Amino acid sequence: MSAWLFDLGNTRLKCAPLRADGSIGDAIALPHREEDVAAAMAQHLPARIDVAYLASVAQPTLRVAVLDALASRCGRISIARTQPRFDELHIAYADPRKLGVDRFLALLGTRTRVRGPALVCGIGTALTIDLIDADGLHLGGRIAPSPTLMREALHARAPQLPEVGGAYEDFASDTEDALASGCEGAGVALIEHSIAAATSRLGAAPTVLLHGGGSEALARHLPNATEVATLVLEGLARWACVETAA
């Protein structure tokens, strides 16, 4: 059976084949614009897919465009949703619908990699931080603007402040570097504070995993963190295997 996984975020569409053993194949990124999705799938995906597993936090119009493109080549489409319990994972939210499915799947992917406590940090449009203990209990999290969104927001309100560019410095001597340093530094500081709070609460330092398009920039300042670019897809793979077996 041919099966593919699709992670549709606010800024990226990532996909990968789901292997028979439950692991994922090589991940690829497809164009994120509504008008480009169908052509990109025709170029990069098999002509026919038995089942597609989709996780989406994107705007409804983009999600519909992706679903339309998948419908023309898929026998079945299964859409992942956040669940209060899944395997050993137990979500802290009283209303699981309020926890984005990308965060849910990143936690699920983390449980396939880490058996102890873990701090899961997604750096995309938003910066999300979630803590789970060694038993898979989700202890809650935080949401803040990502460094990229900070730069975009500053530029929107003050166009003289450049949206991109600059290098991280502890004390920058020009505007571009100061912006990069301030926005990246804010993200790093929030993660470091969360690590300290998690360590105090659990009595041991958690494993720190980073994922999302902005993770590379912050990883340079977090030497004990591990980047896992495919973490959401790995969680989606686990969700798909259990969903298929049910």
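Calculation criteria
Residues numbered from 1 in each chain as written. Predicted model: local features only at pLDDT ≥ 70, side-chain atom pairs only at ≥ 80, totals over all residues. Heavy atoms only, no water. Helix = DSSP H or I, 4+ residues; strand = E, 2+ residues; numbered from the N terminus. Rg over C-alpha atoms; globule rule 2.2 N^0.38 Å. Buried < 20%, exposed > 50% of the residue type's maximum accessible area, 1.4 Å probe, protein only. Areas by Shrake-Rupley, 256 points an atom, 1.4 Å probe, with all protein chains shown as cover. Lys, Arg positive; Asp, Glu negative; His and termini not counted. Charge placed at Lys NZ, Arg CZ, Asp CG, Glu CD. Pairing = 2+ DSSP bridges. Axes fitted to C-alpha atoms, helices over the stretch in contact; angles between N-to-C directions. Contact = heavy atoms within 4.5 Å. Disulfide = S-S within 2.5 Å.

### Quick look at the overall build of the protein
Consideration 1: Counting its regular elements, the protein contains 7 helices and 12 strands.
Consideration 2: For 246 residues, the compact-globule estimate of 2.2 N^0.38 gives 18 Å, and the protein sits close to it at 19 Å.
Consideration 3: Along the longest, intermediate and shortest principal axes, the C-alpha atoms of the protein span 55 × 45 × 30 Å.
Consideration 4: For the protein, with 246 residues in total, the buried portion stands at 44%.
Consideration 5: If you sum the accessible surface of the protein, you get close to 12000 Å²; carbon and sulfur atoms cover 52% of it.
Consideration 6: On the protein, the mean spot of the 22 positive side-chain charges and the mean spot of the 28 negative ones are 8 Å from each other.

### A few points about the sheet that holds strand β12 (residues 225–227)
Consideration 1: With mixed pairing, 5 strands are arranged side by side in an open sheet as β10-β9-β8-β11-β12. Looking at which strands have only one partner, the edges of the open sheet turn out to be β10 (138–145) and β12. Along the sheet, successive strands turn relative to each other by an average axial angle of 20°, direction set aside.
Consideration 2: By the bridge criterion, 7 bridges tie strand β9 (residues 126–132) to β10 in an arrangement that is antiparallel. Counterpart to Leu-131 in the pairing with β10 is Gly-140.
Consideration 3: Strands in contact with helix α5 (residues 175–202) are β8 (118–123), β9, β10 and β11 (207–211); relative to β9, the strand with the most contacts, it is inclined by about 10°.

### Things to note about the state of the cysteines
Consideration 1: The final tally for this structure, using the stated rule, is 0 disulfides.
Consideration 2: Between Cys-183, a cysteine without a disulfide, and Cys-121, which holds the nearest cysteine sulfur, the sulfur-to-sulfur distance is 18 Å.
Consideration 3: Distance from the sulfur of Cys-241, which forms no disulfide, to the nearest cysteine sulfur (Cys-74) is 17 Å.
Consideration 4: A relative accessible area of 28% means that Cys-241 is categorised as partly exposed.

### Section: the environment of Phe-104
Consideration 1: By the secondary structure assignment, Phe-104 is in helix α3 (residues 101–113).
Consideration 2: Taking the C-alpha atoms as reference, Phe-104 lies 30 Å from Ala-47; in sequence the two are 57 residues apart.
Consideration 3: Not counting chain neighbours up to four residues away, the residues in contact with Phe-104 comprise Arg-81, Thr-82, Gln-83, Phe-86, Leu-89, Ile-91, Leu-99 and Trp-239.

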